[in-house]
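Read off the chains here:
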Amino acid sequence: FGGGLDRIRRRTITLEGAGEGLPFSSILSMCEDRDGVIWAVTQNGVLAHKTNGVWSAIPTDSQWPGDATCVAADGTGSLWIGTHLRGLFCYRDGHFVNWGDVRKLDGKTLHTLLVDKKGGVWIGQETPTAIWHLQDGKLEDFPVPPNSRIIRAMVEDAAGNIWAGTSKGVLLRVANGKLEEVTPRPDQELASIRCLAATPDGALWIGFAGWGVGCIKDGKYAEINSGQGLFDDYVSHIVPDERGWLWFAANRGIFKVRRSELEAVAQGQIS
């Protein structure tokens with residue numbers, strides 16, 4: 001008796017860093033593979049995975065040189081890893097395979113990877129001459145406009161089109177085997193693109209550095225920022241969930257907004 005009152009509640013967010021076994025606390029890229037293993041690339045180029053609740057780094061050796069920059073998983077069990085100046089690697093069944101001559105990818109730093117619905121791997125680089133597409137062992141290039149800068153984000157929309165956004169603010173789309181620039185902002189008002197997301201209704205969501213969120217739907221474009229009530233204008237990641245919410249990772253933390261509410265604001269601009 002007299003022990004007081006205890007409060008028990010579920011924990012919704014946990015922070016994992018060096019104290020939980022990560023080799024470096026700053027993360028550049030993450031994914032979940034077919035078997036449910038979480039993979040992460042740290043800012044200092046280490047590839048790590050979490051199994052049985054424990055983080056561990058993948059050691060470098062003759063097969064794996066390290067210097068990882070981005071990671072993505074496909075539906076066959078393969079893990080794709082982009083690197084700094086060392087090309088593209090595939091990890092499967094406990095073994096690394098270097099995908100061919102690094103010079104075929106211009107020998108540049110790979111910044112983002114996207115696995116599409118058909119299992120193709122899309123590769124975005126630093127100061128690229130092209131976006132690369134690897135399908136069934138064949139590499140195809142889609143030349144990009146000069147001075148597009150870093151391909152920072154890529155996503156596949158509901159119709160199967162591939163979108164890419166750059167640090168300069170250029171928006172690109174690959175549709176019907178052709179790449180075209182579809183930047184919605186005027187050249188003199190470009191805003192750096194940090195992330196892209198697509199929703200089942202056909203909308204494309206764009207996260208900007210300092211300009212909030214853009215939305216392209218049915219060929220129309222609108223922007224939502226703090227002036228319309230958005231919590232933060234510096235958006236680094238957008239994740240749609242199955243309940244109609246959009247989750248945002250931003251400079252000031254994580255927040256969520258109902259997609260219907262944002263679309264209503266966007267529609268009001270268009271109207």
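The following refers to the structure shown. Bear in mind that the values here come from a model prediction, so they are computed numbers and not experimental data. (Residues numbered from 1 in each chain as written. Predicted model: local features only at pLDDT ≥ 70, side-chain atom pairs only at ≥ 80, totals over all residues. Heavy atoms only, no water.)

### What about the overall build of the chain?
Quick note on the threshold: Here a helix means four or more residues in a row that DSSP labels H or I, a strand means two or more in a row labelled E, and each is numbered from the N terminus. Only C-alpha atoms enter the radius of gyration, while the globule expectation follows 2.2 Å times N to the 0.38, with N the number of residues. Buried residues are those whose accessible area, probed at 1.4 Å on protein chains only, stays under 20% of the maximum for their type, while exposed residues exceed 50% and partly exposed ones sit between those limits. Should any heavy atoms of two residues lie within 4.5 Å, those residues are counted as being in contact. For the accessible areas, the method is Shrake-Rupley and the probe is 1.4 Å, while residue cover comes only from the protein chains on display. As used throughout, the charge tally considers Lys and Arg to be positive and Asp and Glu to be negative, leaving His and the chain termini uncounted. Just so you know, the charge point we use is NZ for Lys, CZ for Arg, CG for Asp and CD for Glu.
Counting its secondary structure elements, the chain contains one helix and 23 strands. Expected size for 271 residues packed as a compact globule is a radius of gyration near 18 Å; at 20 Å, the chain falls within 12% of this value. With the principal axes as the frame, the chain shows a C-alpha extent of 75 × 60 × 30 Å. Taking all 271 residues of the chain together, 43% fall into the buried category. Partitioning the contacts of the chain with sequence separation of at least 6, the portion at a separation of at least 24 is 35%. As displayed, the chain offers around 14800 Å² of accessible surface, 48% of which is attributable to carbon and sulfur atoms. Treating the 28 positive side-chain charges of the chain as one cloud and the 32 negative ones as another, the clouds have centres 3 Å apart.

### Points about the environment of P146
Inspection of the secondary structure assignment puts P146 in the loop between strand 12 (138-143) and strand 13 (151-156). Overall, the relative accessible area of 69% leaves P146 in the exposed class. C-alpha separation for the pair P146 and A130, spaced 16 residues apart in sequence, amounts to 9.5 Å.

### Things to note about the packing of aromatic side chains
Where we set the bar: Aromatic pairing here means that ring centres of Phe, Tyr or Trp (its six-membered ring) are within 6.5 Å. Orientation follows from the plane angle: under 30 degrees is stacked, over 60 is edge-to-face, and everything else is tilted.
The full count for this structure, using the stated rule, is seven aromatic pairs. Between W64 and F96, the aromatic rings sit 4.9 Å apart at their centres with planes inclined by 15°, giving stacked as the arrangement. Of the two residues, W64 sits in the loop between strand 4 (54-57) and strand 5 (68-73) while F96 sits in strand 8 (residues 95-98), which places them 32 residues apart along the sequence. Neither residue differs from the other here; W64 and F96 are each classed as buried. Aromatic pair Y91 and F96: ring centres 4.6 Å apart, planes at 50°, arrangement tilted.

### Here's the deal with the side chain of D74
Threshold: Salt bridge, as used here: a side-chain nitrogen of Lys or Arg that lies within 4 Å of a carboxyl oxygen of Asp or Glu. Between N or O atoms, a polar contact is any pair within 3.5 Å; within protein, one atom must be a potential hydrogen donor and the other a potential acceptor, and residues adjacent in sequence are included only when both atoms are from side chains.
Take D74: it is sitting in the loop between strand 5 and strand 6 (79-83). Of the buried charged residues, D74 lacks a salt bridge, with R92 as the closest side chain of opposite charge at 4.9 Å. Here T76 takes part through its side chain, which lies 2.8 Å from a polar atom of the side chain of D74. Ignoring anything within four residues of it in the chain, the contact list for D74 reads R34, W80 and V115.

The values reported here are purely geometric and, on their own, carry no functional implication.
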